[in-house]
Protein chains: 2
Amino acid sequence: MADFKHHIDLPVVAFTLGDINGVGPEILALALNSQSLRTRLRPIIFGDPDVFRDACRLVGIPSPEIETVAGPNAVRHSRSLAFIESASAVPPRRPGKLDPEAGRCAMEWLAAAVDAAMDGHVDAIVTCPINKEGIHSAGYTCRGHTDFIADRTKSPSYRMALFAGAMRAVHHSDHVSLRGALDCITKESIVETIRITHAGLARLGIERPRIAVAGLNPHAGENGAFGMEEIQVILPAIEESVRDGIACSGPYPADTVFRRMRFDAVVAMYHDQGHGPMKLIAMDEGVNVTLGIPIVRTSPDHGTAYDIAGSGTARPDSMIAAALLAVRLAAHRIEALT
Amino acid sequence: MADFKHHIDLPVVAFTLGDINGVGPEILALALNSQSLRTRLRPIIFGDPDVFRDACRLVGIPSPEIETVAGPNAVRHSRSLAFIESASAVPPRRPGKLDPEAGRCAMEWLAAAVDAAMDGHVDAIVTCPINKEGIHSAGYTCRGHTDFIADRTKSPSYRMALFAGAMRAVHHSDHVSLRGALDCITKESIVETIRITHAGLARLGIERPRIAVAGLNPHAGENGAFGMEEIQVILPAIEESVRDGIACSGPYPADTVFRRMRFDAVVAMYHDQGHGPMKLIAMDEGVNVTLGIPIVRTSPDHGTAYDIAGSGTARPDSMIAAALLAVRLAAHRIEALT
């Protein structure tokens, strides 16, 4: 890995190392070594330099020159790969092993990165996977990255999205039971999902984005024969959004809406309605995006993959795609602020 | 279209013409003209010869020699394309137009074909699409083909499946609201779905089929964090099925189970859970199969497509795939009976 010759005009992207016992360090090492990232961003890693060096060795690339900095501002003047460390001691890396101490470090890095983004020191954050059991056993009560970030940035209306090239799904609800997801189907909240989707696409630089809204029931309810939510809730929400000037339409049957290529995004009514089709479309290049928060945050669309962690075989495709999307979102964010 | 030189050892497949104002007649004309079907089955059409001749003209193929027969037995000795007509008068074909009389004819053809299969005169039936509004306005109360056939064959436990090559989904519930689908999640009924799936795969000639059972909630409930159905209902149903000698496993997260290629079928907990991924995988070659009934029945995985009916542009891929699958299922059925 060559030295980091940062250009002052490139966006600063914070990477959080996540669970050190997952594949995160390995995919991050590979991603930062890729030409496509090196020319497009200035990285700063919230994590442990020794774990990162070890990951470089595992994946067979030379470790870059590393500098531990006190605060994210330093990255703008550093020629080395800048690291910000956690207050807690980092346990030894034991790939594939659940370790509460690793969970604690992951969350401290995440909190520091979010704060740096909120303070404007970094332009975007990209998060390596964490293990939910690990963070819970470390005493954290959040369900995962997304709600922790939403809470820390005081964002009550956030939405989880999956992006894969020109195919995008924004989820009306995410990590709740399917029965709980049904209870989330209200006109006001769907209007909010559509609004957040529109704003997210605009931030990508898409002019007058076209949004497809999926139905909830089979065949989008087939005129009320298989459920009334489309008629009573979803269609009124779409109509209100259209009145607000958003180019959205539907509700479309969920089993074919992802084959309609003329939309910039699909609003899915629940987690698996979007995830099922998107994971097939995206294969290894899907990116998780949090919309409705005041900072740019993306992540690879996979977990810690304990089964292959430490083997050096994890592919960095989704991590690279996540970083490139963060850069694109940050560019428009910077534009909007200036 | 050349003469039909039927071989006595080929299975007899009944095709119902469906809604004459949809694309059915056109895709059936194209499918029966294809070499892949002509060498594998003896067709008999429950429908109107004039509509079929007109469809041949529309898609640009010569009409075959046609013979109207009184009963399905005659096809075994006919060198022409055999037709069985309806009792009701057939209205003029008006592509794309809803016509209750067309709905009535479609259902009469269907009823006669089902009876012929039950009586053993035909080995399988393949149904062209019908229009639900059309059949309802003709006074029929069924939701569609599948429940009509289940009712007529006295089959209380039927399941709708989608097959596309080696990818197959069997749906625990189908045309009910998502809230209604949640109420269908009981251990006994899931055991029944797994049993029906196993029997359907065995009929395809697959020895010791491997069945993946999807979860209901995001991440298959994530150990109870996002719903308890996996722990309380689905896993016990899988365990009982395994004790019954069925090679099934799960519950797997629904958003990745279709990417696991080592299964012969996925049991989906509700309509869109299977349809979303399968319609992306299958593209134009998905086949709808009814399992748990005493006859072989398949159909193309699309509707009447009123928007292109009459234009001669509908593709017969799904109809051809449906007919070939019917032949395969019929072959094993015949084998099992002898």
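Each chain has its residues counted from 1, running along the sequence as written. Starting at A for chains and at 1 for ligands, labels are handed out in the order in which the entities are written. With pLDDT at 70 or above as the cut-off, local features in this predicted model cover only qualifying residues; side-chain atom pairs require 80 or more to be listed or tallied, and sums for whole chains, interfaces and linings still use all residues. Values reported for side chains reflect all heavy atoms of the structure, with hydrogen atoms and water molecules removed beforehand.

(A) Region of the structure containing the packing of aromatic side chains. All names here are of chain A. Pairing of aromatic side chains requires ring centres within 6.5 Å, counting the rings of Phe and Tyr and the six-membered ring of Trp. Pairs whose planes differ by under 30 degrees are stacked, by over 60 edge-to-face, and all others tilted. Enumeration over the complete set of coordinates arrives at seven aromatic pairs over all chains. Between the aromatic rings of Phe52 and Phe83, the centroid separation amounts to 5.5 Å while the plane-to-plane angle is 65°, which identifies the pairing as edge-to-face. In this pair, Phe52 sits in helix H3 (residues 49–59) while Phe83 sits in strand S4 (residues 81–84), placing the two residues 31 residues apart along the sequence. Categorising residues by exposure relies on relative accessible area from a 1.4 Å probe, with only protein chains included: less than 20% of the type maximum marks a residue as buried, more than 50% marks it as exposed, and the intermediate range marks it as partly exposed. Under the relative-accessibility criterion, Phe52 is labelled buried at 0%. Residue classification places Phe83 among the buried positions, given a relative accessible area of 0%. In this structure, Arg168 is placed above the aromatic ring of Phe163, and the distance from its NZ or CZ to the ring centre is 5.6 Å. Strands are runs of DSSP state E lasting at least two residues, helices are runs of H or I lasting at least four, and both sets are numbered from the N terminus onward. Only when the NZ atom of a Lys or the CZ atom of an Arg is both within 6 Å of the ring centre and within 35 degrees of the ring normal do we say a charge sits over the ring.

(B) How the structure looks around the interface of chain A and chain B. The interface is formed by 34 residues belonging to chain A together with 34 residues belonging to chain B. Across the chain A/chain B interface, buried area totals approximately 3100 Å², and carbon plus sulfur atoms make up 59% of it. Polar contact criterion, stated in full: a pair of N or O atoms within 3.5 Å, where within protein one must be able to donate a hydrogen and the other to accept it, and residues adjacent in sequence count only if both atoms are side-chain atoms. Inspection of the region where chain A meets chain B yields nine residue pairs in polar contact (both at pLDDT 80 or more). Where the side of chain A that touches chain B is concerned, the elements lending two or more residues are helix H7 (178–183) and helix H10 (271–282) of chain A. With eight residues, the single largest contributor to the side of chain A that touches chain B is H10(A). Contacts: residue pairs with any heavy atoms within 4.5 Å of one another. The term buried area means the drop in 1.4 Å probe accessible area that two parts suffer when joined, counted for both and summed.

(C) View of the pattern of salt bridges. Residues and elements named next belong to chain B. The term salt bridge refers to a side-chain nitrogen of Lys or Arg lying within 4 Å of a carboxyl oxygen of Asp or Glu. By the definition in use, this model includes 26 salt bridges over all chains. Among the salt bridges present, the one from Arg152 reaches Asp115, with a minimum N-O distance of 2.8 Å. Of the two residues, Arg152 sits in helix H6 (residues 145–152) while Asp115 sits in helix H4 (residues 100–118), which places them 37 residues apart along the sequence. With a relative accessible area of 29%, Asp115 lands in the partly exposed category.

(D) Unusual backbone geometry, seen in detail. Residues and elements named next belong to chain A. Each neighbour pair has its own omega, and for Gly250 with Pro251 the value is -5°, a cis peptide bond. Among the secondary structure elements, Pro251 is positioned in strand S9 (residues 247–252). For Arg208, which is not glycine, the phi torsion reads 45° and is therefore positive. Within the secondary structure layout, Arg208 lies in the loop between helix H8 (187–203) and strand S8 (210–214). By relative accessible area, Arg208 is classed as exposed at 60%.

(E) Representation of the packing of helix H1 (residues 24–33) of chain B against helix H3 (residues 49–59) of chain B within the structure. All names here are of chain B. In this analysis an axis means a line fitted to C-alpha atoms, helices contributing only their contacting stretch, and an angle means the value between N-to-C directions, from 0 to 180 degrees. Their axes nearest at 8 Å, the elements H1 and H3 cross at an angle of 75°. Relative to H3, H1 is oriented roughly perpendicular. Where H1 approaches H3, its residues Pro25, Glu26, Leu28, Ala29, Leu30 and Leu32 are matched on the opposing element by Val51, Phe52, Ala55, Cys56, Leu58 and Val59. When describing relative orientation, an angle under 35 degrees is termed roughly parallel and one over 145 degrees roughly antiparallel, while 65 to 115 degrees is termed roughly perpendicular and anything else oblique.

(F) Broad picture of the relation of the copies chain A and chain B. Taken as rigid bodies, chain A and chain B are interconverted by a rotation of 180° and an axial shift of 0.0 Å, the fit giving an RMSD of 0.0 Å. In the structure described here, the two chain copies are related by an operation that fits a two-fold rotation axis. Ranked by how close their C-alpha atoms come to the rotation axis, the residues of chain A are headed by A:Pro277, at 2.5 Å. Both copies contact each other with a shared surface, as 100% of the interface residues of chain A are interface residues in chain B too. Superposition of the copies used a least-squares fit over C-alpha atoms from residues whose pLDDT is at least 70 in both.

(G) Here's a closer look at the environment of A:Cys105. Residues and elements named next belong to chain A. Positionally, Cys105 belongs in helix H4 (residues 100–118). By relative accessible area, Cys105 is classed as buried at 1%. Once the C-alpha coordinates of Cys105 and Pro91 are considered, the two residues, 14 residues apart in sequence, prove to be 8.8 Å apart. Beyond its immediate stretch of four places on either side in the chain, Cys105 contacts Ser86, Ser88, Ala89, Val90 and Pro91.

(H) Main features of the sheet that holds strand S7 (residues 167–171) of chain B. All names here are of chain B. A pair of strands is considered paired only if DSSP assigns at least 2 bridges between the two. In spatial order, the strands read S3-S4-S2-S1-S5-S12-S11-S6-S7-S10-S8-S9; together these twelve strands make up an open sheet with mixed pairing. The open sheet is flanked by strand S3 (66–68) and strand S9 (247–252), the only strands paired with a single partner. With strand direction ignored, the average angle separating the axes of adjacent strands in the sheet is 25°. Bridge count for strand S6 (residues 159–164) against S7 is four bridges, and the pairing is antiparallel. Across the sheet, Leu162 pairs through a bridge with Ala169, a residue of S7. Against the sheet, helix H9 (residues 229–243) touches strand S8 (210–214) and S9, its axis set at about 170° to S9.

(I) Representation of the nonpolar core within the structure. The definition of a nonpolar core used throughout is a set of buried Ala, Val, Leu, Ile, Met, Phe, Trp, Tyr and Cys residues joined through side-chain atoms within 4.5 Å. Among the nonpolar cores identified, the biggest contains 196 residues, and A:Phe15, A:Ile44, A:Phe52, B:Phe15, B:Ile44 and B:Phe52 are the most heavily contacted of them. A:Ile44 has contacts with A:Val12, A:Val13, A:Ala14, A:Phe15, A:Val69, A:Pro72, A:Val75, A:Ala82, A:Ile84 and A:Val122, leaving out every residue within four places of it along the chain.

(J) Highlighting the environment of B:Asn131. Residues and elements named next belong to chain B. Counting through the fold element by element, Asn131 comes out in the loop between strand S5 (124–127) and helix H5 (132–137). Asn131 gets classed as buried once you look at its relative accessible area, which sits at 14%. If near-sequence neighbours (up to four positions away) are discounted, Asn131 is found in contact with Asp19, Leu98, Thr304 and Tyr306. Polar contacts involving the side chain of Asn131 include one to the main-chain amide nitrogen of Glu133, which spans 2.9 Å.

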